[in-house]
Amino acid sequence: MKPHSLKTLRALGEDGALASIERFMAPAGGSIVVGMGDDAAAVRIPGSDELLLATADMLVEGVHFLTEWGDWRAIGRKAMAVNLSDVAAMGGRPAEALVSIGLPPDFAEADWKALYRGLATEARRAGVLLVGGDTVRADHPTISVTVLGRADGNRPLPLRSHCRPGQSLYVTGTLGDSAAGLALLCEKGLGCFRAEPWARTLVNRHLLPTPRLAAGLALAQALEDLAMIDVSDDLARECRLLAEASKASVCVDADALPLSRALRRFAAATGRDARAHALHGGEDFELLFATGAPLEAIHRVLKRRAIRLPVARIGDIGKGPAGHVEVRQAPSGTLKPFEHFG
């Protein structure tokens, strides 16, 4: 009898764990336009010009949030928002959602209602209908959301594999705010700053991310050569995922990373490197994308849709080596790279 492997998920890492189950997943082909490996799966709808998008994310207490934060409405909003961000990265329109929740029996009814109020609030803001789900007993609060969306089947999807040498790399909004907000929530030594206006801004960026649905749809409809991903993990990892999927290289200019005034105030007060938070922080849920279009054209696309969202050019796509990410003017400060099973 062949002995079982002694490797753990910690040893495999998320990439290794996913690679080990890839053979069990249906490959692209036939009705499946996009399978495992992008922000959402895409399936052809018979008799329709639209594609069905499907994505799922899970939030677990102690990993993604702490119950002592106490704001279950915000936790519900975030659980929905992180899934909507995946649809945004596919240039789609979200439509329906299923919510499955595991909770201990002594979970307060008021918190239960607040959690669903948050889920429903974020769904309603995006025009999404809650259509079902499941509830189970669990030792730790666990929230799993599946969002179904639609995309135009007559246009190319902005897949991670669509990066090409010569394209520019862009990102919406600002980076690093969520990581700084998490630090303010969790690190006792930073408690003295939590009443500062800039600190409240950063904490809200962590607790209440904004999925860039309008921008994702506008960019996907206007640009034929678009590759896109949302910044759910850290920026460096997202760049690597683009580079690997496209068999290209990515060069990022750390000095070009867009930093908010609140993050700069945080860095000045704590002595930390704001660029390190922007590069390695994660959970900003901005859109990272590559295209040959110049920045002025990107601004015109958003302006035509009355979308007031800053976009920064932060790097380039090169010929190789495949999967390589170079950071120019790398920050001196470091954060632990994002790893689900770390």
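What you see is a predicted model, and the numbers here were worked out from it, not measured in a lab. (Residues numbered from 1 in each chain as written. Predicted model: local features only at pLDDT ≥ 70, side-chain atom pairs only at ≥ 80, totals over all residues. Heavy atoms only, no water.)

## Quick word on the overall build of the protein
So, step 1. Tallying secondary structure elements over the protein gives ten helices and twelve strands in all.
So, step 2. In terms of overall dimensions, the protein has C-alpha extents of about 55 × 55 × 50 Å along its principal axes.
So, step 3. Classification of the 342 residues of the protein by burial places 49% in the buried group.
So, step 4. Considering only intrachain contacts with a sequence separation of at least 6, the fraction spanning at least 24 residues in the protein is 82%.
So, step 5. Here the protein contributes 40 positively and 40 negatively charged side chains, and the mean placements of these two sets differ by 3 Å. (Helix = DSSP H or I, 4+ residues; strand = E, 2+ residues; numbered from the N terminus. Buried < 20%, exposed > 50% of the residue type's maximum accessible area, 1.4 Å probe, protein only. Contact = heavy atoms within 4.5 Å. Lys, Arg positive; Asp, Glu negative; His and termini not counted. Charge placed at Lys NZ, Arg CZ, Asp CG, Glu CD.)

## Observations concerning the nonpolar core
So, step 1. Core analysis: the largest hydrophobic core is formed by 94 residues, its most contacted members being M80, L169, L184, L219, L235, F266 and L288.
So, step 2. Not counting residues up to four positions away in its chain, the partners in contact with F266 are A180, A183, L184, L190, W198, L202, R272 and H277. (Core = buried A, V, L, I, M, F, W, Y, C linked by side-chain atoms within 4.5 Å.)

## Section: helix α10 (residues 295-304)
What sets the pattern is the α-helix's 3.6 residues per turn: residues three or four places apart point alike.
So, step 1. Among all positions in α10, only A297, I298, V301 and L302 are buried. Taken around the axis of α10, the buried residues stretch over an arc of 135 degrees, which confines them to a single face. Facing away from the buried surface of α10 by more than 90 degrees, the exposed residues are E296, K303 and R304.
So, step 2. Those residues of α10 hidden inside the fold are in contact with β7 (168-172), α6 (213-222), β10 (287-291) and β11 (311-318).
So, step 3. At the C-terminal side of α10, A306 shows a positive phi close to 55 degrees. (Arc of directions from axis to C-beta.)

## Points about the state of the cysteines
So, step 1. For the coordinates displayed, the defined rule picks out zero disulfides.
So, step 2. Sulfur of C192: no disulfide; nearest cysteine sulfur belongs to C186 and is 15 Å away.
So, step 3. The thiol of C239 is not disulfide-bonded; the next cysteine sulfur, from C163, is found 9.0 Å away.
So, step 4. Here C239 falls in the buried class, since its relative accessible area comes to 1%. (Disulfide = S-S within 2.5 Å.)

## Notes on the side chain of K78
So, step 1. You can see K78 is positioned in helix α2 (residues 72-89).
So, step 2. Other than its neighbours up to four places away in sequence, K78 contacts L59, H206, L207, P209, E283 and F285.

## A closer look at the sheet that holds strand β5 (residues 129-137)
So, step 1. Judged by pairing direction, the sheet is mixed, and its six strands sit side by side in the order β1-β2-β3-β6-β4-β5 without closing on themselves. The open sheet has two free edges, formed respectively by β1 (32-34) and β5, since each of these has just one partner strand. Geometrically, the sheet is characterised by an average inter-axis angle of 20 degrees between neighbouring strands, direction not taken into account.
So, step 2. The pairing of strand β4 (residues 93-103) with β5 spans eight bridges and is classified as parallel. From the neighbouring strand, G102 faces β5, where its bridge partner is V136. (Pairing = 2+ DSSP bridges. Axes fitted to C-alpha atoms, helices over the stretch in contact; angles between N-to-C directions.)

## Brief notes about the pairing of strand β2 (residues 41-44)
So, step 1. Across two bridges, the pairing between β1 and β2 is antiparallel. Along β2, the bridge assignment pairs I32 with V43.
So, step 2. The antiparallel pairing of β1 with β2 creates a hairpin that spans six residues between the two strands, and G37 there sits at a positive phi of about 125 degrees.
So, step 3. A loop of five residues connects β2 with strand β3 (residues 50-60), the two strands running antiparallel in sequence, and G47 in this loop sits at a positive phi of about 75 degrees.

## Let's talk about the environment of A41
So, step 1. Assignment of secondary structure puts A41 in strand β2.
So, step 2. It is 5.6 Å that separates the C-alpha atoms of A41 and L53, two residues lying twelve residues apart in sequence.
So, step 3. Apart from the residues within four sequence positions on either side, A41 is in contact with V34, G35, L52, L53 and A54.

## What to know about the packing of α2 against helix α3 (residues 109-125)
So, step 1. At their nearest, the axes of α2 and α3 sit 6 Å apart, and the two run at 35 degrees to each other. The handedness of the crossing between α2 and α3 comes out as right-handed. Side by side, α2 and α3 meet where W72, R73, I75, G76, R77, A79, M80, A81 and L84 of the first sit next to D111, A114, L115, R117, G118, L119, T121, E122, A123 and R125 of the second.
So, step 2. Partitioned by chemical class, the residues of the contact of α2 with α3 number ten nonpolar, three polar and six charged. (Left-handed = near helix turned anticlockwise from the far one by under 90°. Nonpolar A, V, L, I, M, F, W, Y, C, P; charged D, E, K, R; others polar.)

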